[in-house]
Structure formats: C-alpha cells, structure tokens
Amino acid sequence: MLPNKDDILRELNQELASVSSLQDLEKLKARYLGKTGIVKELSKAIKDIPPEERKSYGSLVNEIKDAVEEIFKEKFSYFKSLEESKKLSKDFIDPTLPITSQLGSLHPISLTLERILSILKSMGFLEQEGPELEKEEYNFDMLNIPKYHPARDMQDTFYVNKEGYVLRTHTSPIQIRTMLSNKPPIYITAPGKVYRKDDDPTHSPMFFQVEGLAVDKHISLRHLKYVLDTFLNIFFGKSLKTRYRSSYFPFTEPSFEVDIECVMCGGAGCRVCKQSGWLEVMGCGMVHPNVLKNCDIDPSLYTGFAFGMGVERLAMLYYGISNIKLFYENDIRFLAQFEE
Ligand code: DAH
C-alpha cells in the first residue's frame, strides 16, 4: 500500500504547531528524519513492496522526504530569527535617557597653549610641528651648540638608544627644520612637548614649550620687542611693564630674558617674585648668523628674531598655581576649575 503524503504532512504540521523551542524542534525532526524516523521506516519498507510497485513507491517516499525536510528548514530559520531578535531586544539602548555623568573640559595646559597660539596667529605666526625624538644635530649642532660646548649643560638631556638622536630638550630644533625646508619670509610658532632631567615644584621632566621664529628682510630688535610686549599684554589681559635682561643663548645674538612686572603683587615684591617685583617669562634674541648660515640663508640679506616660552610656567602665573605637579596628577577637583 502506498503511504499517504497528505496525511503525513498534515500530522507533521499539527505537531509543529505545539513546538515552542529549538530543543523540541530538534526532537521532532529526529522523529521524522532520524535513523529510526518515520521517513526512514518508509524507505526501509520498500523491500516488502511488490517489485512492479517499487518505482512509484520509491519516488513517493522521496517526495515525502523532500517536503518534510523543507518544512523543518523553514521552521528552524523561523526559530533562529526569533532568538536573534530576543537577543537584540536585551541589548537595547535607550538614547532618550538623561546624561547623568559630568561633562569633561579642556586641560588648563591645553587652554593655555591654545590661547598662546591663537594670539600669535593673529599676529601672523603660523604653527609648525617637529618630532619629539629629534636629531642631535638639529637639537644642538645646527643651533650653534657644538659637541663639548659647555652650553649643552644648560639643558640636561635624555639620551636614547638610537645613535644620533635625543629626546628634544627644547622646541628650537623646529626653527632648523623650518628654515631647511622653507625660505624667508618665515613667521612661525612651534609648540610641543620637551624633555629634560629636571624635577622640582616648578620643573617637570616633560613640559610644553612654544617657540617663535621670524626671518625676513630688515627684522630688528624693535620688531622682537613689539611682538613680545603685545603678546604678553594680550595673554595676561592687562598692560604690563616688561624688562629685557641681557642673557646668553648660543642660537641668538644678542640674547635676552624677558621679565614682566609681577602679576601677583603688581611689582611691590612678594613670595612668587621672590621680592624682586619681576617674573621671568621667556628667552629670546636675534637669530645668530651661524644658525642662518647652517640653513643656507644669507645673513647679509636676512635677519630674524626668535623666542621660546614654557607653557606650564605661563599657565602657573596666569592661574596662580604654585606646584607644576598639579597639572599632571589629573585630579578632577583641580581640573574642573578650568571649564571655560
Ligand atoms: N630654547 C631655549 C630653552 O629651551 C628657549 C629660547 C631662548 C628659545 C631664546 C629661543 C630663544 O628661540 O631665542 O631654554
């Protein structure tokens, strides 16, 4: 007797209606398509069928097998997608929930650095960058600081395991990089991290500097003084007395250190200015002719001025902070006071 395909499929569909999990579905599938399942039994029964009916019996059993497999395939994919959407609904994020945590703010060093650069940018000085791992040649030699020159001791250097390189001790090597790749007129600022073996309440082994450089025809000391006085007045937000003290840097001649009247006591004398009434804020000078020559710039045609300032130092004076370490501890109670 031939099996009834419709009856078998109807029964299967009835049983499927009450299946509610993947596990139950697996069990039902085994009952139909497993080794001892209903479909297998039908195939085995072919041996009891008279030879003349075997062909039609066999093709009917195959039809039943294909239909049963198709039904299970559909049901499995239905259960899989059901499980996936269950998982997704668990991961649901509600974007309408209110923000409960405090928003961050810019670090006081970033704020100070941005302000320094934007003031100088408004005067025509554009930003240049250089690497922190710097060629010894650019950090020293080409800045007119030859090997064994005592001026190398002014900056206690971190040497590294790479022949001919140092952690830059100042941002002045960016002057060299700029003059090697550009010819005058040059008006740049060069911000960045610098490294020195130095560690006390006002010094850190890593700190930020901003270098400035102007090289053009007829640049004189008066331009230098005008730019720096203007910069300092804008930076501190008031008209300040300045003083240019004669000093020494190998890459400038003449060289100066710039003092401002003490922003804490107005020049009367206090703990911050060590009773002198003055605060040193940066170094500067006219670019040494040797430095210009090292970069293939003719010192009889061009002159220049340069300056270098410490960002932490200016931030400490501006905000009235006495210990540089506060900038690096990342104490949120300290940092939150600088929100703009
Ligand atoms: N490079 C100097 C330092 O780190 C700072 C400096 C002084 C830079 C005078 C200059 C300059 O460009 O003219 O101590």
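Residues numbered from 1 in each chain as written. Predicted model: local features only at pLDDT ≥ 70, side-chain atom pairs only at ≥ 80, totals over all residues. Heavy atoms only, no water.

Peer 1: Just checking my understanding: could you explain the overall build of the protein for this structure?
Peer 2: Summing up its helical and strand segments, the protein has 11 helices and 9 strands in all. The C-alpha atoms of the protein give 40 Å as radius of gyration, which overshoots the globular expectation for 340 residues (20 Å, by more than 25%). Counting only C-alpha atoms and orienting by the principal axes, one finds that the protein spans roughly 120 × 45 × 35 Å. Within the span of the protein, comprising 340 residues, buried residues form 41% of the whole. (Helix = DSSP H or I, 4+ residues; strand = E, 2+ residues; numbered from the N terminus. Rg over C-alpha atoms; globule rule 2.2 N^0.38 Å. Buried < 20%, exposed > 50% of the residue type's maximum accessible area, 1.4 Å probe, protein only.)

Peer 1: Can you walk me through the sheet that holds strand E1 (residues 126-127) in this structure?
Peer 2: Hydrogen bonds along the backbone pair up the strands of a sheet, which may run parallel or antiparallel. Ordered in space as E1-E4-E5-E9-E8-E7-E6, the 7 strands form an open sheet in which the pairing is mixed. On the outer flanks of this sheet lie E1 and strand E6 (242-249), each paired with one strand and no other. Its contacts with the sheet put helix H5 (residues 108-122) on E1, strand E4 (186-195), strand E5 (206-216) and strand E9 (303-310), and the angle it makes with E5 is roughly 5°. (Pairing = 2+ DSSP bridges. Contact = heavy atoms within 4.5 Å. Axes fitted to C-alpha atoms, helices over the stretch in contact; angles between N-to-C directions.)

Peer 1: Explanation requested: helix H7 (residues 173-181) in the structure shown.
Peer 2: Given 3.6 residues to a turn, an α-helix orients residues that are three or four positions apart in the same direction. Within H7, the full set of buried residues consists of Pro-173, Ile-174, Gln-175, Ile-176, Thr-178 and Met-179. The elements touched by buried residues of H7 are strand E2 (133-135), helix H6 (136-139), E4, E5, helix H9 (289-294) and E9.

Peer 1: Before we go on, may I ask you to explain the pattern of salt bridges in this structure?
Peer 2: Under the counting rule described, the total for this entry stands at 15 salt bridges. Of the charged contacts in the structure, one is a salt bridge between Arg-243 and Asp-259, with a shortest N-O distance of 3.0 Å. Here Arg-243 is found in strand E6, whereas its partner Asp-259 is found in strand E7 (residues 252-261), with 16 residues between them in sequence. The partly exposed category is assigned to Arg-243, whose relative accessible area is 32%. A residue is classified by how much of its surface remains accessible, and Asp-259, at 2% relative accessible area, is buried. With a closest N to O distance of 2.8 Å, Asp-259 and Arg-245 form a salt bridge. Within this pair, whereas Asp-259 is found in strand E7, its partner Arg-245 is found in strand E6, the two being separated by 14 residues in sequence. Judged by relative accessible area, which is 29%, Arg-245 ranks as partly exposed. Each of Arg-243, Arg-245, Glu-257, Asp-259 and Glu-280 takes part in one network of salt bridges that share partners. (Salt bridge = Lys/Arg side-chain N within 4 Å of Asp/Glu carboxyl O.)

Peer 1: Looking at this model, I keep getting lost on the packing of H5 against helix H10 (residues 311-319). Mind explaining?
Peer 2: Helix-helix packing is described using two parameters, namely the angle between the two axes and the distance between the axes. At their nearest, the axes of H5 and H10 sit 9 Å apart, and the two run at 100° to each other. Relative to H10, the element H5 lies roughly perpendicular. Here H5 contributes Pro-108, Ile-109, Leu-111, Thr-112, Leu-113, Arg-115 and Ile-116 to the contact with H10, which in turn contributes Val-311, Glu-312, Leu-314, Ala-315, Tyr-318 and Tyr-319. Of the residues assigned to the contact of H5 with H10, the class counts are 10 nonpolar, 1 polar and 2 charged. (Parallel < 35°, antiparallel > 145°, perpendicular 65-115°, else oblique. Nonpolar A, V, L, I, M, F, W, Y, C, P; charged D, E, K, R; others polar.)

Peer 1: When you look at the site of the ligand in this model, what are you seeing that I'm missing?
Peer 2: Taken together, 16 residues sit near the ligand, with His-170, Ser-172, Arg-196, Gln-209 and Glu-211 positioned nearest. At 2.9 Å from an oxygen atom of the ligand is found a side-chain nitrogen or oxygen belonging to Gln-209. For the ligand, the protein covers 93% of the area, taking 350 Å² as the surface of the free molecule. Listing elements by their share of the shell around the ligand, those giving two or more residues are E5, strand E8 (278-287) and E9. Of the residues belonging to the shell around the ligand, the class tally is 5 nonpolar, 9 polar and 2 charged. (Near = heavy atom within 4 Å. Polar contact = N/O pair within 3.5 Å; in protein donor to acceptor, adjacent residues only side chain to side chain. Areas by Shrake-Rupley, 256 points an atom, 1.4 Å probe, with all protein chains shown as cover.)

Peer 1: Can you help me understand the domain arrangement of the protein in this one?
Peer 2: Domain boundaries assigned for the protein yield domain 1 (5-90) and domain 2 (108-338). Taking the mean C-alpha position of each, domain 1 and domain 2 sit 82 Å from one another. (Domains from an automatic or database assignment.)

Peer 1: Sorry, what's going on with the environment of Leu-232 here?
Peer 2: Tracing the sequence through the fold places Leu-232 in helix H8 (residues 221-236). Here Leu-232 falls in the buried class, since its relative accessible area comes to 0%. Along the backbone, Leu-232 and Ser-59 are 173 residues apart, and their C-alpha atoms lie at a distance of 97 Å. Excluding anything up to four places from it in sequence, Leu-232 contacts Leu-240, Thr-242, Val-258, Ile-260, Val-281 and Met-282.

Peer 1: So what exactly am I meant to see when it comes to the environment of Phe-76 here?
Peer 2: Along the chain, the position of Phe-76 falls in helix H4 (residues 51-90). Along the chain, Phe-76 and Lys-274 lie 198 residues apart, while their C-alpha atoms are 83 Å from each other. Among all residues touching Phe-76, those that are not within four sequence positions of it are Leu-22, Leu-25, Glu-26 and Lys-29.

Peer 1: Would you explain the environment of Leu-111 in this entry?
Peer 2: Mapped onto the elements, Leu-111 comes out in helix H5. Each C-alpha atom, one on Leu-111 and one on Phe-338, is 8.5 Å from the other, the two residues being 227 residues apart in sequence.

Peer 1: Could you clarify how one ought to interpret the pairing of E7 in this entry?
Peer 2: Within a regular beta strand, the side chains point alternately toward one face of the sheet and then the other, so they alternate between its two faces. By the criterion of burial, E7 is predominantly enclosed, with 8 of the 10 residues buried. Pairing between E6 and E7: 7 bridges, direction antiparallel. Counted as the bridge partner of Tyr-244 is Val-258 from E7. Connecting the antiparallel pair E6 and E7 is a turn made up of 2 residues. Sheet topology note: the E7/E8 ladder contains 8 bridges and is antiparallel. Note that in E8 the partner of Thr-252 across the bridge is Val-287.

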